[in-house]
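For reference, the chains in residue letters:
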Amino acid sequence: MGLFDKLFNRKPKIKNTTKAYSERVVTLDGDAFTRGLTIEQPIGDYKLSAVYKCRELISDSIAKIPFFVFDSNKGEKVKNHPLNRILQRTPNGAQNAVFFKKYMTLQILDKGNCYIYPIWNTRNMVIDSIKILDNATPLVDKDNFLIGYTITINGKSEKVSTDALIHLRNSSEDGIIGMSVLEYARNSLEIAKKQSNFQSNFYSKATRPAGTLTVATDLSNKSTTFADDGETKTMSAKDAVRYFWDKQLSSGSGTAVLDNGMQYNPMAQISPKDMEFVSTQDLSVKDIARFYKVPPSKLGVGASTYNSREQEAIEYVQEAIQPYVDQICIELSNKLLLESDIEKGYVIKADVDVELFADANTRINYIQKAIQSGIMTPSEGRLSEELGAAYEEGNHFVIGPNYLPVGSQGGNIITSDKQNNDGQNNEKTNDKITRKGGNG
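Residues numbered from 1 in each chain as written. Predicted model: local features only at pLDDT ≥ 70, side-chain atom pairs only at ≥ 80, totals over all residues. Heavy atoms only, no water.

Caption draft 1: Broad picture of the overall build of the protein chain. Across its full length, the protein chain holds 14 helices and 17 strands. Expressed as a percentage of its 440 residues, the buried residues of the protein chain come to 37%. Residue pairs in contact within the protein chain that sit at least 24 positions apart in sequence constitute 56% of those at least 6 positions apart. (Helix = DSSP H or I, 4+ residues; strand = E, 2+ residues; numbered from the N terminus. Buried < 20%, exposed > 50% of the residue type's maximum accessible area, 1.4 Å probe, protein only. Contact = heavy atoms within 4.5 Å.)

Caption draft 2: Representation of the sheet that holds strand E6 (residues 126–133) in the model. One open sheet accounts for three strands, arranged E6-E5-E10; its pairing is antiparallel. Where the open sheet ends on each side, the last strands, each with one partner, are E6 and strand E10 (166–169). This sheet shows a mean twist of 25° between the axes of neighbouring strands, independent of strand direction. Of the pairings in the sheet, the one linking strand E5 (residues 113–121) to E6 comprises seven bridges and is antiparallel in character. Counted as the bridge partner of Ile116 is Ile132 from E6. (Pairing = 2+ DSSP bridges. Axes fitted to C-alpha atoms, helices over the stretch in contact; angles between N-to-C directions.)

Caption draft 3: Here's a closer look at the pattern of salt bridges. Applying the stated rule across the entire model yields six salt bridges. Between Glu355 and Lys64 there is a salt bridge, with its nearest N and O atoms 3.2 Å apart. Taken together, the positions of Glu355 in helix H11 (residues 353–356) and Lys64 in the loop between helix H2 (49–63) and strand E3 (67–71) put the pair 291 residues apart, joining distant regions of the chain. Taking relative accessible area as the criterion, Lys64 reaches 47% and is therefore assigned partly exposed. Salt bridges sharing common partners tie together Glu56, Asp60 and Lys102. (Salt bridge = Lys/Arg side-chain N within 4 Å of Asp/Glu carboxyl O.)

Caption draft 4: The arrangement of the environment of Gln327 in detail. When you line up the elements, Gln327 lands in helix H9 (residues 306–336). A residue is classified by how much of its surface remains accessible, and Gln327, at 22% relative accessible area, is partly exposed. Along the primary structure Gln327 and His167 are separated by 160 residues, whereas in three dimensions their C-alpha atoms are 9.7 Å apart. Dropping the residues within four chain positions of it, Gln327 is found in contact with His167, Leu168 and Arg169.

Caption draft 5: Molecular detail of helix H12 (residues 360–372). Under the 1.5 Å per step criterion, the end-to-end length of H12 is 18 Å for 13 residues, consistent within 8% with the ideal 18 Å. Listed in full, the buried residues belonging to H12 are Ile367, Ala370 and Ile371. Buried residues along H12 cover an arc of 95° about the axis, so they all sit on one side. Away from its buried face, by an angle of more than 90 degrees, H12 presents the exposed residues Asn361 and Lys369. Next to the buried residues of H12 lie helix H13 (378–384) and strand E16 (398–399). Positive backbone phi, at 75°, marks Gly374, one or two positions downstream of H12. (Expected span 1.5 Å × (residues − 1). Arc of directions from axis to C-beta.)

Caption draft 6: Representation of the nonpolar core in the model. Formed by 49 residues in total, the largest nonpolar core has its most connected members in Ile58, Phe67, Leu83, Ile116, Tyr292 and Val325. With 10 residues, H9 is the single largest residue contributor to this core. Once you skip the residues sitting within four places of it in the chain, Ile116 turns out to touch Phe100, Met104, Ile130, Lys131, Ile132, Leu165, Ile166 and Leu168. Core analysis: the second largest hydrophobic core is formed by 13 residues, Leu133, Ile153, Ile176 and Ile177 among them. (Core = buried A, V, L, I, M, F, W, Y, C linked by side-chain atoms within 4.5 Å.)

Caption draft 7: Examining the packing of aromatic side chains more closely. The full count for this structure, using the stated rule, is three aromatic pairs. Here Phe99 and Tyr103 contribute two aromatic rings whose centre-to-centre distance is 6.4 Å and whose plane-to-plane angle is 15°, an arrangement assigned as stacked. Here Phe99 pairs with Tyr103, and both are found in helix H4 (residues 97–111), just four residues apart, close to one helical turn. Of the residues examined, Tyr103 reaches a relative accessible area of 25% and is grouped as partly exposed. Taken together, a centroid distance of 6.0 Å and an interplanar angle of 70° make the contact between Tyr115 and Tyr149 edge-to-face. (Phe/Tyr/Trp six-rings, centres within 6.5 Å; stacked < 30°, edge-to-face > 60°.)

Caption draft 8: Local environment of the environment of His396. In this structure, His396 sits in the loop between H13 and E16. Once the C-alpha coordinates of His396 and Ser379 are considered, the two residues, 17 residues apart in sequence, prove to be 8.3 Å apart.

Caption draft 9: Representation of the sheet that holds strand E4 (residues 76–77) in the model. Read from one edge of the open sheet, three strands run E4-E3-E15, paired in antiparallel fashion. At either end of the open sheet lies a strand with only one pairing partner, and these are E4 and strand E15 (346–350). Sheet topology note: the E3/E15 ladder contains five bridges and is antiparallel. Bridge pairing links Phe68 to Lys349 in E15.

Caption draft 10: Quick look at unusual backbone geometry. The phi torsion at Asn144 lies on the positive side, around 65°, for a residue other than glycine. Within the element layout of this structure, Asn144 appears in the loop between strand E7 (136–140) and strand E8 (146–153). For Asn144, a relative accessible area of 35% translates into the label partly exposed.

Caption draft 11: Expanded view of the environment of Tyr316. Following the sequence through the fold, Tyr316 ends up in helix H9. The sequence separation of Tyr316 and Lys293 amounts to 23 residues, and the corresponding C-alpha distance is 7.0 Å. The contact partners of Tyr316, leaving out residues within four places of it in the chain, are Leu57, Ile58, Ser61, Lys293, Val294, Pro295, Lys298, Ile321 and Glu355. At 2.7 Å, the side chain of Tyr316 forms a polar contact with the side chain of Ser61. (Polar contact = N/O pair within 3.5 Å; in protein donor to acceptor, adjacent residues only side chain to side chain.)

Structure below.
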């Protein structure tokens, strides 16, 4: 309790927080050790605007990234795979795909771990749904090697193998259990909360500084009785002076009248300006942004230009988003795909281009260069922008600024629909282009 609270007899506020540290517990459970991590974050951490913004940025970015089954041998999406329904529409009956991915990401950021349990249909060997578990306990052997998990499903506890549970982690000290970003950022968060509390207290007192009341006589052994708000009160003269002074200040307005030679002496107090409060607060925001790997400009700190924002967007995807996406794709591929799918070269991939090419100009420039380089056909460009079916001859790959069809100088024309495989069709197509395009 500070001098201001002592002078005006104010009780300190009780912070509504939980335990701010983690505790690792290792107990013997048969032939395996139960490795548990208790993570209880202070409630106030999430109220910091920088923490809230970082959590929302990362979780929203991953939530809008599409995941799909991809044929790595053919280099194309597997359109009719049953997993696409779970990845893109309804992972389970209670959540859609966007909310599921957002909640999954928040589990990784806030708790350091996200446990996803696939529910299989054993009759046709497909996955009906996937569910995020609130609690799961990793099991390790005496050599600290992960051998399984203890989970609770429908109120029943059971042990499952490592292949039966998807375990997504944040940074980990032992390679088994992840730690939340907030645990790593603990010192920075404490400084940021103290700055926030100082600012709140400063303005809640109408920026009035603390001070002392000086009376020319000794009030220690004197008492007084007075009426206040229809109630008769008796207290020491010193407490009465403090009571009325505190009441006057708590009203937030008015002028205090000092009599009997009483004097008020404000105490020297460091103001937010003298403390360089704004610049210090910016440093705390930047520090929190570094822990989440988010560019400070996305939190409204620091100056940036158009070119620097473009570079920061790339760094944001590469550093803050891509590591989580890669881990999710590998875990989902290992735990959700059948052996027959893996033998076909199927993997689960994510399209992070939706984050990189969010604005129309960037997308159009990318499509234009891809078409000119022969990487994409005009039809594929239209389909990527959801502009409908291809126009006439839009399936031809072209190259160069003049959009010359690939192979039109005597070779076979390459098309995206792969319909011109026989020599007769290729000859007809070449004749058609020769008549239309001259030397092209």
